[in-house]
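Report on the structure
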Amino acid sequence: MKVQLSGITPEELNELITLVKGVHGFDFSDYGKASLTRRVSRIMSLKKLSFYELKHRIVNAEGFFQHFLEEVTVNVTEMFRDPNFYRSVNELVVPYLSTYQHVKIWTAGCSSGEEVYSLAILLREAGIKHKCFVYGTDINTEVLKEARKGIYSFRKIKSYAENYIYTGLKGSLTDHFTIMYDAATIHSELKQDTLFSVHNLVSDGVFNEFQLITCRNVFIYFDNKLQERILDLFYNSLAPHGFLCLGSKETIRSEAFRKKFKVINSKENIYQKIGI
Amino acid sequence: MAFDDNILQRWQQAEVLLIGGSAGSFKLFFNIVKHVDVDINKVIILVMHRKKNFFSEIEKLFSEHSRIYIREITDKDALKHNTIFIAPANYHTLIEKEGYFSLDVSDPVWYSKPSIDVTFDSAAEVFNERCVAILLSGANQDGAEGLLKLRQAGSLTIAQDPSEAEMAEMPRSAIELGAAELVLTTEDILKLIRT
């Protein structure tokens, strides 16, 4: 295997951003440049495309842009990723959610759905699944199709099961799946009251009010300015005292927003909206 | 060995010290951290291969034995002189030219996340001749191509002498690729760092 050394200059990257925005309406201008450069260079090297050919395909080749979007946005996810995070949600957030009659949850940037189902399993084990509704959103229609299916390879499930052990939840991950040959299908009970739909954090607005929003390992692809804009969207989408969960290496940096949230767990980046 | 003036000058002028290592490199990382001066006047970035879900206490252990500030990188942390930054497990670490880190969770490179190649490659875009990079012991080829890119960008690139490395493959791959301007013994690596 060869690594892809970057094949695109900062000027070319800006040109590409302008082109994509003009032709397809997706705005990558406030994405982190280092990661975007790496992703675009990777596509060029995998497809053996020059910069000119890449631009040409983005404009002219049918279906290419969907593929480009899929490659450029990172869709790596796991069930029970960062097991300590789920342990903290179980201990610090679930007791709070239990007091509500109805609970609405939003997983932003859900990719192929693993995190939505991890939450569903956690809520089921806590005995409150029946009153919860989990929305999973992503900008990418292809990964959402995978999410709706809820079928994962047995190889993946084996590594997810290892995460599950570290969460401290009872039972075992495979209790929640039907395994046939080399694939595992999530139980239909866990798919109930989940909804996967397209939402672009960069351009779309508030669509509901939530008691819990998770957006983990999505902010790392955005620059500080865009992170703040989306924090504002999350703040406005949270019910008073609702919880916001970021990835374990992400943090709320802006002073203005630090005042609007109470830190519930600093290591796992769980915050609570200060009520108004 | 005595370093020639050109090497010494480049070392002293470098603003960034990048060190990558995998299997068999822990002891040398530890020694480097222990011996770094408080006023080294560089940003130090360590990329070590680490296992997923292995909640290591590296940051704590290193802090207890170092005189300078040690921090595991959080997304968008600003690069700071006289600080040791450690790449976190389960993420790649990238460097933005505005002077901060960006993390990335895309697929492993050489079965590794963090990958040394990813950080070295990204650093090559930003630092040019303002950087010294060292590749230590390891059992795969991660870091070799990234080191080459750094060398081509004008950085001072160093591989640990493979005959001294517990796992020779990583530094040897870099040498074979022509990525290492210098091949140094463990003792000389520590000597250079204390210069």
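What comes next is a walk through the structure. (Residues numbered from 1 in each chain as written. Chains lettered and ligands numbered in written order. Predicted model: local features only at pLDDT ≥ 70, side-chain atom pairs only at ≥ 80, totals over all residues. Heavy atoms only, no water.)

A count of helical and extended segments in chain B gives seven helices and nine strands. Across its three principal axes, chain B shows a C-alpha extent of roughly 40 × 35 × 30 Å. When contacts within chain B are restricted to residue pairs at least 6 apart in sequence, long-range pairs at least 24 apart make up 70% of them. For chain B, the computed accessible surface area is about 7700 Å², with 49% contributed by carbon and sulfur atoms. Within chain B, the 29 negative side-chain charges are centred at a point lying 4 Å from the centre of the 20 positive side-chain charges. (Helix = DSSP H or I, 4+ residues; strand = E, 2+ residues; numbered from the N terminus. Contact = heavy atoms within 4.5 Å. Areas by Shrake-Rupley, 256 points an atom, 1.4 Å probe, with all protein chains shown as cover. Lys, Arg positive; Asp, Glu negative; His and termini not counted. Charge placed at Lys NZ, Arg CZ, Asp CG, Glu CD.)

A word on the sheet that holds strand β8 (residues 156–160) of chain B. All names here are of chain B. In space, the seven strands of this open sheet follow the order β3-β4-β2-β1-β7-β8-β9, with parallel pairing throughout. Whereas interior strands pair on both sides, the edge strands pair on one side only; in this sheet they are β3 (69–72) and β9 (182–184). Between one strand axis and the next, the sheet turns through 20° on average, direction left out of account. Bridging between strand β1 (residues 16–21) and strand β2 (residues 43–48) involves six bridges; their strand directions are parallel. Paired with I19 across the two strands is L46, which belongs to β2. (Pairing = 2+ DSSP bridges. Axes fitted to C-alpha atoms, helices over the stretch in contact; angles between N-to-C directions.)

Turning to the pattern of salt bridges, a few remarks are in order. Side-chain pairing between opposite charges can occur once the charged atoms of the two side chains come close. Evaluation of the coordinates by the stated rule reveals 22 salt bridges over all chains. Between B:E72 and A:K249 there is a salt bridge whose closest N-O contact spans 2.5 Å. Of the two residues, B:E72 sits in strand β3 while A:K249 sits in the loop between β8 (238–246) and α11 (255–258), which places them in two different chains. Owing to a relative accessible area of 16%, A:K249 belongs among the buried residues under this scheme. Put simply, B:D121 and B:K149 hold a salt bridge, and the shortest N to O gap is 3.0 Å. Of this pair, B:D121 sits in helix α4 (residues 116–126) while B:K149 is found in helix α5 (residues 144–152), placing the two residues 28 residues apart along the sequence. Of the two residues, B:D121 and B:K149, both sit in the buried class. Put simply, A:D30, A:K225 and A:R229 are held in one network by salt bridges that share partners. (Salt bridge = Lys/Arg side-chain N within 4 Å of Asp/Glu carboxyl O. Buried < 20%, exposed > 50% of the residue type's maximum accessible area, 1.4 Å probe, protein only.)

On to the interface of chain A and chain B. Tallying the contact residues gives 37 residues for chain A and 33 residues for chain B. Between chain A and chain B, the buried area comes to about 2900 Å², and carbon and sulfur atoms account for 50% of it. For the pair chain A and chain B, the interface holds three salt bridges. Applying the counting criterion to the chain A and chain B interface returns 14 residue pairs in polar contact (both at pLDDT 80 or more). (Buried area = accessible area lost by both parts, 1.4 Å probe. Polar contact = N/O pair within 3.5 Å; in protein donor to acceptor, adjacent residues only side chain to side chain.)

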